[in-house]
Amino acid sequence: MPAYQEELEKIANQFEVDLKSATTFDDLNNIEIKYLGRQGFINNFLKIYPPKGNPELGKDVNQLKQRVSAHLEERRNKLSYHSPKIDLTLPLKDDLTGSTHLISRTIEEIEDIFAKIGFARRRYPEIDTDWYYAEGLNIPKGHPARDDQETFYLTNDFVLTAHTSNGQLHEMENQKPPIRMINIGKTYRRQADTSHNPMFHQFEGLVVDIDISIANLISITNYFAENYFGVGRKTRLRPHHFQFTEPSFEIDISCDLCSGTGVIDSVPCKMCKSGWLELGGAGMVHRNVLKNGDLDPDIYSGFAFGWGVERVLLMRSGLKIADLRNLFTDDIRFLGQFK
Ligand code: PHE
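Reading the values: rules and limits
Residue positions within a chain follow its written sequence, with the count starting from 1. In view of the model being predicted, local features appear only for residues whose pLDDT reaches at least 70, and side-chain atom pairs are presented and counted only at 80 or more, with totals across whole chains, interfaces and linings using the full set of residues. Water and hydrogen atoms play no part in the side-chain values, which are based on all heavy atoms of the structure. UniProt positions are given in the numbering used here, feature names are shortened, and annotations may be inferred rather than shown by experiment. Consider each residue's heavy atoms; a residue with any of them within 4 Å of a molecule or strand counts as near. Whenever a nitrogen or oxygen atom comes within 3.5 Å of another N or O atom, the pair is scored as a polar contact, on the condition that within protein one atom can donate a hydrogen and the other can accept it, and that pairs from neighbouring residues in sequence are kept only if both atoms are in side chains. For every accessible area listed, the method is Shrake-Rupley and the probe measures 1.4 Å; residues are considered covered only by the protein chains on display. Buriedness of a pocket was judged along seven lines, with at least five required to meet protein on both sides within 12 Å; pockets are open sets of points on a 1 Å grid over the protein atoms alone, cavities are sets where a 1.4 Å probe fits but cannot get out, and lining residues have an atom within 4 Å of a point. Grid points are joined across faces, edges and corners, and a volume is the space filled by probe spheres set on the points. Helix numbering and strand numbering both begin at the N terminus, where a helix is a DSSP run of H or I of at least 4 residues and a strand a DSSP run of E of at least 2. In this classification, Asp, Glu, Lys and Arg are treated as charged, Ala, Val, Leu, Ile, Met, Phe, Trp, Tyr, Cys and Pro as nonpolar, and every other residue, Gly included, as polar. DSSP bridges decide pairing: two strands pair if at least two such bridges lie between them. Helix axes are fitted only over the stretch in contact, all axes being lines through C-alpha atoms; the angle between N-to-C directions runs from 0 to 180 degrees. Ring geometry is summarised as follows: Phe, Tyr and Trp rings, the Trp one being its six-membered ring, pair when their centres sit within 6.5 Å, and such pairs are stacked at plane angles under 30 degrees, edge-to-face over 60 and tilted between the two. Think of it in three bands: residues with accessible area under 20% of the maximum for their type are buried, residues over 50% are exposed, and the middle band is partly exposed, with areas taken using a 1.4 Å probe on protein chains only. When the NZ atom of lysine or the CZ atom of arginine is within 6 Å of a ring's centre and also within 35 degrees of its normal, the charge is said to sit over that ring.

- Where an unreviewed UniProt entry is consulted, the chain appears under the name phenylalanine--tRNA ligase, with the organism given as Candidatus Collierbacteria bacterium RIFOXYD1_FULL_40_9.
- Check the Catalytic activity (unreviewed entry) section of the UniProt entry for the chain; it says "tRNA(Phe) + L-phenylalanine + ATP = L-phenylalanyl-tRNA(Phe) + AMP + diphosphate + H(+)".

1. What about the site of the ligand?
Okay, step 1: Taken together, 15 residues surround the ligand, and among them H163, S165, R189, Q202 and G306 come closest.
Okay, step 2: A distance of 2.9 Å is found between a nitrogen atom of the ligand and a side-chain nitrogen or oxygen belonging to S165.
Okay, step 3: Contact distances for the ligand include 3.1 Å between an oxygen atom and a side-chain N or O atom of R189.
Okay, step 4: Surface burial for the ligand is 92%, taken as the share of its 330 Å² of free accessible area covered by protein chains.

2. A closer look at the layout of surface pockets
Okay, step 1: Estimates place the volume of the second largest pocket at around 240 Å³.
Okay, step 2: Taken together, 14 residues form the lining of the second largest pocket, with S99, I332, L335, G336 and K339 sitting closest to its centre.
Okay, step 3: Of all the secondary-structure elements, those providing two or more residues to the lining of the second largest pocket are α5 (102–115) and α11 (332–335).
Okay, step 4: For the lining of the second largest pocket, the residue count by class is five nonpolar, six polar and three charged.

3. Remarks on the sheet that holds strand β3 (residues 152–153)
Okay, step 1: Across the sheet, three strands lie side by side as β2-β4-β3; this open sheet has antiparallel pairing. Whereas interior strands pair on both sides, the edge strands pair on one side only; in this sheet they are β2 (127–129) and β3.
Okay, step 2: Bridge analysis of β3 against strand β4 (residues 158–160) gives two bridges, and the strand direction is antiparallel. By the bridge assignment for β4, Y153 is matched with V159.

4. Observations concerning the sheet that holds strand β5 (residues 179–188)
Okay, step 1: The mixed open sheet is built from seven strands, whose spatial order is β1-β5-β6-β12-β11-β8-β7. Either end of the sheet is taken by a strand with one partner, and the two such strands are β1 (120–122) and β7 (235–242). Between one strand axis and the next, the sheet turns by 25° as a mean value, whatever way the strands run.

5. What to know about the packing of aromatic side chains
Okay, step 1: Applying the stated rule across the entire model yields 16 aromatic pairs.
Okay, step 2: Judged by centre distance (4.2 Å) and plane angle (25°), the ring pair of F305 and W307 falls under stacked. Like F305, the residue W307 is buried in the burial classification.
Okay, step 3: Among the aromatic residues, those joined into a ring-pair cluster are F114, F119, F203, F224, Y228, F229, F305 and W307.
Okay, step 4: Lying across the ring of Y228, R316 places its NZ or CZ 4.1 Å from the centre.

This is the structure in structure tokens:
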């Protein structure tokens, strides 16, 4: 056997050994460079044994080259078949990442705003008895106020709570004054249209202590308006009626679009028409409710408010959501817009 053939065989054997120990694409790339590269074994061989005038040698070298290429290719195919085709070390594309739901984000934000001034986050039952939901809140059986809300009644005295005010009595039972709670939860009403979902969320504030007055309610309301809606937003109280507060109010917040004037360029503001947007109900806790919470109304006083999470979310963002119920679907094409 000519000397060059022995040399070629050595290269071929060494290649088999290298190939066996290769486990990654990088290994295979390195082997390719080692054998077929410009400074590789085969080119170096050709420098020592020039193929000129030796067609046999040229043929043998070509055969080896083809074998090396074919084996490398075979191993690459096997590797890509067995290994994941994605590079797990790459950062995820933005559109593949999830995000917290708009409503959950709003709830977290509300919780944080009130936590800063010492309100403890609470969760009280969404299915509750008539006592906590109505009777104990000074709404006796047969009272017309029971018809105010589109309540879902369940069997045996239970209701799906149509407001979070049931949390007031639970809180008085669990915690002696000073009370500063923010109860955020799901509420249910028999309403379904483009601006109402049968399930929605409220946040209920309750403060009970010695010498709590309407001034405290106003300052907390203003604090929330400035911290949630932005500096410069003002609030006002309008007389209203709730069975469980006396006096009772509706709280309005100044409209951002027209700065509370109700007009823009001498045309009525499209957002609010009057300069004010309705936030929700509030009032001084009724004496009967304090008594039902086992607190002496001659010693303690308090205020409460109950506002809608979806309401403040839409009021602040100015989002024009054609159908509020979309917020409660799992259609990520819709939800993905609000990352
Ligand atoms: N529960 C009332 C509602 O759902 C709001 C409210 C809460 C009013 C607390 C006064 C005090 O409309």
